[in-house]
Amino acid sequence: MNILAVADIVGKPGRRILERELSRLQREENIGFIVANGENAAAGRGINREIKENLLNLGVDVITMGNHVWDNKDIFSIIDDEPRLIRPANYPAGCPGQGYHIYRAGFNKRIAVINMSGRVFMPPLDCPFQKIDEILVEIGDKADIILIDFHAEASSEKTAFANYVDGRVSAVFGTHTHVQTSDERILPGGTAYITDLGMSGPIDSIIGMDKEAVLKRFVTGLPSRFEVAGGPARMEGVIITLDDESDKAISIRRFSLQEQAGEK
């Protein structure tokens, strides 16, 4: 089974290139299940009902989130009733939404998708290492395949987390930094891993945002409003192949698809 993990979708450019490339990639690579991070999908901050529906209609099976999950207030009207939209599971008890869900996919496979957040240089949430232990006990034998979107800043924390769950889950893919890493591999216990999927958003930008506003903040230290950049976009992520019998990872491959200048 081939699983597609799509990097953080940033604003309209990110949604546009998904609309252009996702169905083709799904067809050519025989993709059976698609996970995409959507925490920046609505103008770079959060997600709303319309965009959620748009991504699902394009073929995304599960939308994961991150530290911007609550930035668009529309989220509160949809997250409790949409099992295909999950937020980091290590938010404190009582937060809306759910941190994982189990889905059905090709060959009647049961696929658990878990969203987790790191804590290094990130909001102080519950410990992701202790929380994942709890969740894996809850899941038990209810899932054949377990995928984790680990939304975190520090590469050391992402790598540590992946090694902590190695052999207990099918894949861990990092999100949040919007810069694709080149360390995709199968860990010793059989878990597919990459530190960061990258970004699905505008190429000529600073991690998706208009350069001038970001540079102003760095140079002057003054607050400035960030806006999603325009121009051609790039869609990034990985394709993970699992053995149909054992559900173990066989391979993990990066991809990066770019629009050309002048494309809209």
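Scroll up a little and you will see the structure.
Just so it is clear, the structure is predicted and the values come from calculations on it, not from any experiment.

## Let's talk about the layout of surface pockets
Looking at the largest pocket, its volume works out to about 540 Å³. Forming the walls of the largest pocket are 20 residues, and the residues nearest its centre are Arg45, His68, Ile207, Met209 and Phe226. Residue composition of the lining of the largest pocket, by class: 7 nonpolar, 7 polar and 6 charged. Empty space within the second largest pocket amounts to approximately 170 Å³. Together, 17 residues line the second largest pocket, and Ile146, Gly167, Arg168, Val169 and Ser170 are the ones closest to its centre. Contributions of two or more residues to the lining of the second largest pocket are made by helix H3 (128-139) and strand S7 (145-151). Of the residues in the lining of the second largest pocket, the class split is 6 nonpolar, 7 polar and 4 charged.

## Examining the pairing of strand S11 (residues 199-202)
Looking down a regular strand, the side chains alternate between one sheet face and the other. Here strand S2 (residues 8-9) pairs with S11 via 2 bridges, running parallel. The residue of S11 that forms the bridge with Ile9 is Ser200. Of the strand pairs in this sheet, S11 and strand S12 (residues 233-242) are connected by 2 bridges, and their pairing is antiparallel. Directly across from Gly201, in S12, lies its bridge partner Arg234.

## Brief notes about the pattern of salt bridges
A full pass over the atoms with the stated rule returns 19 salt bridges. Note that Lys109 is salt-bridged to Asp247, the shortest N-O span being 2.8 Å. Placement of the pair is Lys109 in strand S6 (residues 109-117) and Asp247 in the loop between S12 and strand S13 (249-258), with a sequence separation of 138 residues. Of the residues examined, Asp247 reaches a relative accessible area of 12% and is grouped as buried. As a salt-bridge pair, Lys158 and Asp196 come within 2.7 Å of each other at their nearest N and O atoms. One end of the pair, Lys158, is in helix H4 (residues 155-165); the other, Asp196, is in the loop between strand S10 (192-194) and S11, and 38 residues separate them in sequence. As far as the burial class goes, Lys158 and Asp196 line up, both buried. Look at the salt bridges and you will find they share partners, linking Lys52, Glu53, Glu82 and Arg84 into a network.

About the criteria used
Residues numbered from 1 in each chain as written. Predicted model: local features only at pLDDT ≥ 70, side-chain atom pairs only at ≥ 80, totals over all residues. Heavy atoms only, no water. 1 Å grid on protein atoms, 1.4 Å probe; cavity = no way out; pocket = protein on both sides within 12 Å on 5 of 7 lines; lining within 4 Å. Points joined across faces, edges and corners; volume = space filled by probe spheres on them. Nonpolar A, V, L, I, M, F, W, Y, C, P; charged D, E, K, R; others polar. Helix = DSSP H or I, 4+ residues; strand = E, 2+ residues; numbered from the N terminus. Pairing = 2+ DSSP bridges. Salt bridge = Lys/Arg side-chain N within 4 Å of Asp/Glu carboxyl O. Buried < 20%, exposed > 50% of the residue type's maximum accessible area, 1.4 Å probe, protein only.

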